[in-house]
Amino acid sequence: MGKPYSVCLVGHSGSGKTALAEAILKAANAQEAVFDRSPEEKNRGITIDLALGVCLWQDRKLTVLVSPGLGEFVEEIHKGLDVADLAVLVVNAEKPVEVVTEQAWEIVRNVYRRPALVFVNMMDKPLADPQKVLHDLKNSLPAKFVPLYFPIRENAVLNGLVDLLSAEKGLPPLAQDLRASLIEEVAAFDDVLLEKFLGEEEVGREDVVKALRAGVASGELVPIIFGSATANVGITELLNWATILAPELQNGGETKVRCFNLALDPYLGRLTYVRVLSGEIKEGDTLYDLATRNKVQLRDIYGFAGTKMEKVGRASAGEIVALGKIEGVSLGATLSVNPEAASLPPIPFPKPVFIRAVAPKSQADEEKMSTVLRDFVSTKATLTYTRDPVTKEGLVSGMGDIHLDVLAERLRNRYGVEVTYRLPKVPYRETIRKSSIASYRHKKQTGGRGQFGEVHLRIEPLPRGAGFEFADETKGGVIPQEFIPGVEKGVRDAMEEGFLAGFPMVDIKAAVFYGMYHEVDSSELSFRIAARQAFKLAVEKADPTLLEPIMLLTVTTPETFTGDIISDLNGRRGRILGMESEGGRTRIRAEVPLAEILSYALDLKSMTQGRATFQMEFLRYDYVPAALQERVLAQLRTATHGS
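Residues numbered from 1 in each chain as written. Predicted model: local features only at pLDDT ≥ 70, side-chain atom pairs only at ≥ 80, totals over all residues. Heavy atoms only, no water.

S.K.: Any chance you could explain the overall build of the protein here in plain terms?
M.R.: Summing up its helical and strand segments, the protein has 16 helices and 32 strands in all. With respect to the principal axes defined by its C-alpha atoms, the protein has extents near 110 × 60 × 45 Å. Pairs at least 24 residues apart make up 74% of the contacts formed inside the protein by residues separated by at least 6 positions. Of the accessible surface of the protein, which amounts to about 28500 Å², a share of 49% is contributed by carbon and sulfur atoms. (Helix = DSSP H or I, 4+ residues; strand = E, 2+ residues; numbered from the N terminus. Contact = heavy atoms within 4.5 Å. Areas by Shrake-Rupley, 256 points an atom, 1.4 Å probe, with all protein chains shown as cover.)

S.K.: Explanation requested: the layout of surface pockets in the structure shown.
M.R.: With a probe scaled to a water molecule rolled over the atoms, the places where space remains empty come into view. A volume near 1500 Å³ is recorded for the largest pocket. Residue lining of the largest pocket: 47 residues in total, with Gln 103, Glu 106, Thr 556, Arg 585 and Thr 613 positioned closest to the centre. Of all the elements in the fold, those that place two or more residues in the lining of the largest pocket are helix H3 (74-82), helix H4 (99-112), strand E29 (544-558), strand E30 (575-582), strand E31 (585-593), helix H15 (600-608) and strand E32 (613-623). Taken together, the residues that form the lining of the largest pocket break down as 20 nonpolar, 17 polar and ten charged. Secondary structure elements with two or more residues in the lining of the second largest pocket: helix H2 (39-44), strand E2 (51-57), strand E10 (256-265), strand E11 (269-278), strand E16 (308-311) and helix H11 (401-415). The element that contributes the greatest number of residues to the lining of the second largest pocket is E10, accounting for five residues. (1 Å grid on protein atoms, 1.4 Å probe; cavity = no way out; pocket = protein on both sides within 12 Å on 5 of 7 lines; lining within 4 Å. Points joined across faces, edges and corners; volume = space filled by probe spheres on them. Nonpolar A, V, L, I, M, F, W, Y, C, P; charged D, E, K, R; others polar.)

S.K.: Before we go on, may I ask you to explain the packing of aromatic side chains in this structure?
M.R.: Scanning the entire structure with this criterion turns up eight aromatic pairs. Centroid distance Tyr 273 to Phe 304: 6.2 Å. Interplanar angle 20 degrees. Geometry classified as stacked. Here the residue Tyr 273 occupies a position in strand E11, and Phe 304 occupies one in strand E15 (residues 300-305), the gap between them amounting to 31 residues. Take Tyr 273 and Phe 304: they sit in the same class, and that class is buried. With a centroid separation of 5.1 Å and 80 degrees between ring planes, the pair formed by Tyr 600 and Phe 614 is classed as edge-to-face. In this pair, Tyr 600 sits in helix H15 while Phe 614 sits in strand E32, placing the two residues 14 residues apart along the sequence. On the basis of relative accessible area, Phe 614 is assigned to the buried category, the value being 7%. Taken together, the aromatic side chains of Phe 260, Tyr 273 and Phe 304 make up a single cluster linked through ring pairs. In this arrangement the basic side chain of Arg 433 is found over the ring face of Tyr 623, its NZ or CZ atom lying 3.8 Å from the centre. (Phe/Tyr/Trp six-rings, centres within 6.5 Å; stacked < 30°, edge-to-face > 60°. Buried < 20%, exposed > 50% of the residue type's maximum accessible area, 1.4 Å probe, protein only. Lys NZ or Arg CZ within 6 Å of the ring centre and 35° of its normal.)

S.K.: Can you walk me through empty space enclosed by the protein in this structure?
M.R.: Inspection of every chain in the model, using the stated rule, returns two cavities of 30 Å³ or more. Reported here for the largest cavity is a volume of approximately 90 Å³. Along its surface, the largest cavity is lined by 13 residues, and Phe 73, Lys 380, Leu 383, His 403 and Arg 410 are the ones closest to its centre. Looking at the lining of the largest cavity, the elements with two or more residues in it are H3 and H11. Counting residues per element, the lining of the largest cavity draws most heavily on H11, which supplies four residues.

S.K.: Sorry if this is basic, but what is going on with the environment of Val 83 here?
M.R.: Its location among the elements puts Val 83 in the loop between H3 and strand E4 (86-92). As a C-alpha pair, Val 83 and Glu 430 span 347 residues in sequence and 48 Å in three-dimensional space. Residue contacts for Val 83: discarding those within four places in its chain leaves Ser 6, Leu 65, Arg 258, Phe 260, Arg 275 and Ile 320.

S.K.: Hey, could you run me through the packing of helix H14 (residues 562-571) against H15 in this one?
M.R.: Working note: a packed helix pair is described by the angle between its axes plus the distance between those axes. Relative orientation of the contacting elements H14 and H15 amounts to 145 degrees, with a least axis distance of 10 Å. When the axes of H14 and H15 are compared, the crossing they make is right-handed. Taken together, the residues of H15 that come into contact with H14 (itself represented by Asp 564, Ile 565, Asp 568 and Leu 569) are Tyr 600, Leu 604, Met 607 and Thr 608. Per-class residue counts for the contact of H14 with H15 are five nonpolar, one polar and two charged. (Axes fitted to C-alpha atoms, helices over the stretch in contact; angles between N-to-C directions. Left-handed = near helix turned anticlockwise from the far one by under 90°.)

Here's what the structure looks like:
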């Protein structure tokens, strides 16, 4: 039996990837070939999670990976391509180049550099136009596209395919032109074929196939196969060429596997999907997680017959299987029999960019919500759940509104937990602009031992990011040393409470330089209370101000939208740091306040018809402009008090 290999189907939603995957499995006589099984996928009629099925073709085991076609589920495209030998870009014959067509092609070409071919699906649709498809592909996507077959259509009915590698005689004129163009492009990758072509000698099929393999392996040539998954046209041709063009995995060296996907199965629990890169694995083996050096004991190994999962007990190089009952292995981990082996680079997932505060509809579900959310997001790279230490809100981050809507649907369907989303609060900080001095005497006598402590403080601003400094500058024992920790605690208490709007204060130095105590009534608590009040009095005179988080925003967009995006960012108090153009796309870097981009994922999608993407990361805290501060404080007070 030949070595196993895998292909990943990518493309825009509605291009028929799932139908194609099912047609492939049926053509290979797989007993079960049903994808998109989850309630959320059935409800929406789309692929949400990376799906896979396995079949046998020409004595080689083939794993077909199907990725979603909505940009918000881009994580699944990365997972599939990370372990695929060959990418198949599936396009709709009536609308060949759509948003995710472009995005997926960018990932195929520039992130994973996978050899690829194109399957033009739905050629049986009324508006399918093969020449327009070729024109759009060649003018929209960077590559040399070469059709291997051309569809035969009469009165908008798909009757079959013409093989362009067959003898030139008898081909229709358009097919003859395409054949000549194909051989000319392919000849550049084989000297023997090039000589025959230039000498106008007869070119054999084997010569073309050999050169085509070289061109596809280099990433420069991309073959095109026309067909229809539902009409079962082009499926056999696709399978044959995938088998020819997929590079064979070299099965040498010690056992190593890549963990490319995690899932929670309602019956089997947590599953870790892996591809065996070299060697073989079997139940009972001990591998090492090369990131943590922890031992990983292999228990249950599940393979696939079609889309049906079954226990197999072992797997060899090139195969994709699921491992059951494994904890602590993260997405993208490399496992090896040798703890000192070199780990593969991490999968370059994008970071989540759409943040919403999340809360259960029923307070009784608070604890359950947190538990199931943490469990679920542990299987995803582009979903996170955290609790903001400043605002105390639970925050869910994803790639967009649909992404989070699906998450809410799954929490309801699988765990019975209903959640609501809202815009998150901005985690402002507070600081001071000036130095000041203040003192406070705390004195309380209620019978018995009283409380007494007097603290004189000086506070001054520190550079951004410096945090907090405390200094004891007292002399002569005016405050006994055992009470100084109480002074520092009091200052920290007041900083945590904030002054303007209840946000923590940062970047301040506080020095206690004088004070008074009472031999009987003084205590650490007395000085803690006095310091807290003294600090508040000092802040009032030190020009207190709000600080806001500033994010580094990187937007990647087709050049046609560059002007609109820059104009929009300027309107969001953004500062453009630079721009780079490459291959018809522009990368814009800008600093923007977080308060201005809480819904940027939705706004950018609307502004660019979904063709631009962005990433953001925290940069620093900076002053809220004075002209804006009063309005922000008024909004914060209204949100807090409801008036």
